[in-house]
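Per-entry structural report
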Amino acid sequence: MTIWEMLAVFAAGIGAGTINTIVGSGTLITFPVLLATGLPPVTATVSNALGLIPGSVSGAIGYRAELTGQRKRVLRLSVVAAIGGVSGAVLLLTLPSTAFETIVPVLVGIALVLVVLQPWIAKAVQRHRERHGTRARPDGGPLLLTGLLLASVYGGYFTAAQGIIYLSLMGMLLDDSLQRLNAVKNILAAVVNSVAAIFFLFVAHFDWQAVLLIAVGSAIGGQVGAKIGRRLPPAAVRALIVVVGSAAIVQLVLR
C-alpha cells in the first residue's frame, strides 16, 4: 500500500469502529476501501473480519455499564453467535461470492422495518402477556435463538448490517432498553468476528498490513462510538439505524 492508501484504511477503521458500536454496518466503510487498494474480495473480507475484532471488543468495553445483570443472557446468546459465526466463515470459503447478494438487502430492509416498529411491537407483546398472564423470557426463547443463529451465519460470511439485524430481533423479543440491547449486540458482534477470524487464520489468505491498520483504527472508533452512542436517546438511535441501514441497502444493491 502507498502511504495514502494506508491512511485511508486507518481512517476507514476508525469510522467502522465508531458506527459498529452505535449501530452496525461498519463493514460498508472498510470493505470498499480495501477493495480500492487492490485486495481481492475474499481477502478483503477476511482481513476486514480480523481487523474489526479490536473495535468490537473496544465498543463492548465502552458499554460495560449497560451489560450489568446480563451475564446469563450474554453467555447463552454468545454460544449461538459463535456457532453461527463459524458456519458463516465456512460458507464464505465454499460458496460463490454472489450467493447472498440477493437476500442480504431484503434482510436488512426487514430489519429496518422491525427497528422502526419496535416500540409498537413491544407494547402489543406486553399487552398480550398481561392478557394471558405470561412473562418475557430473559433469553427471548427459541425464536430469538434461531434468528440470532441465522444472523450470525450471515455475520461470519460478510458482517455488513449484522448489528442492525441483531437489534431488530432483540428489540422485538426481549423486554429491555435499546441501550442495554445495543451493549449485547456489541458482545455478539465481537464473538462472531473472533470465531470467524480464528477459522480464517488457518485456512484463508489475508493482508496483515490491512488487518493492523483496521485493528488500531477500529479500537479507537469503538471508544468514540461508545461515548456517542450511550448519550443518544432511543429515538435518535433508531433514526441513525434507519439512515445507516438505508445506505447499506443502496450500497449492497449497487455493488
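Refer to the structure above for everything that follows.
A few points about the environment of L67
Mapped onto the fold, L67 is located in the loop between α4 (53–62) and α5 (71–94). Residue L67 is classed as buried on the basis of its relative accessible area of 19%. In this structure the C-alpha to C-alpha distance between L67 and V184, which are 117 residues apart in sequence, comes to 6.9 Å. Contact partners of L67, with chain neighbours within four places excluded, come to A60, V74, A183, V184 and I187.

Thoughts on the side chain of T18
Among the secondary structure elements, T18 is positioned in helix α1 (residues 3–22). Classification of T18 by relative accessible area gives buried; the value is 15%. Polar side-chain contacts of T18 include one of 3.3 Å to the backbone oxygen of G221.

Notes on the environment of G59
Of note, G59 is situated in helix α4. What G59 contacts, discounting residues up to four positions off in sequence, is T21, N186, G222 and A226.

Some details on the nonpolar core
Within the largest apolar cluster, 53 residues are counted, with the highest numbers of intra-cluster contacts made by L77, L144, L148, Y166, M170, L188 and F200. With 12 residues, helix α9 (residues 178–203) is the single largest residue contributor to this core.

Observations concerning the pattern of salt bridges
Summed over the entire model, instances satisfying the criterion amount to three salt bridges. In this structure, the salt-bridge partner of E66 is R230, at a minimum N-O distance of 3.0 Å. Of this pair, E66 sits in the loop between α4 and α5 while R230 sits in the loop between α10 (208–229) and α11 (234–254), and the two are 164 residues apart along the sequence. Taking the shortest distance from any N to any O, the salt bridge between D176 and R73 comes out at 3.0 Å. One end of the pair, D176, is in the loop between α8 (162–173) and α9; the other, R73, is in helix α5, with 103 residues separating them in the sequence. Look at D176 and you get partly exposed, because its relative accessible area is 24%. Through salt bridges with shared partners, one network takes in R73, D176 and R180.

Calculation notes
- Residues numbered from 1 in each chain as written.
- Predicted model: local features only at pLDDT ≥ 70, side-chain atom pairs only at ≥ 80, totals over all residues.
- Heavy atoms only, no water.
- Helix = DSSP H or I, 4+ residues; strand = E, 2+ residues; numbered from the N terminus.
- Buried < 20%, exposed > 50% of the residue type's maximum accessible area, 1.4 Å probe, protein only.
- Contact = heavy atoms within 4.5 Å.
- Polar contact = N/O pair within 3.5 Å; in protein donor to acceptor, adjacent residues only side chain to side chain.
- Core = buried A, V, L, I, M, F, W, Y, C linked by side-chain atoms within 4.5 Å.
- Salt bridge = Lys/Arg side-chain N within 4 Å of Asp/Glu carboxyl O.

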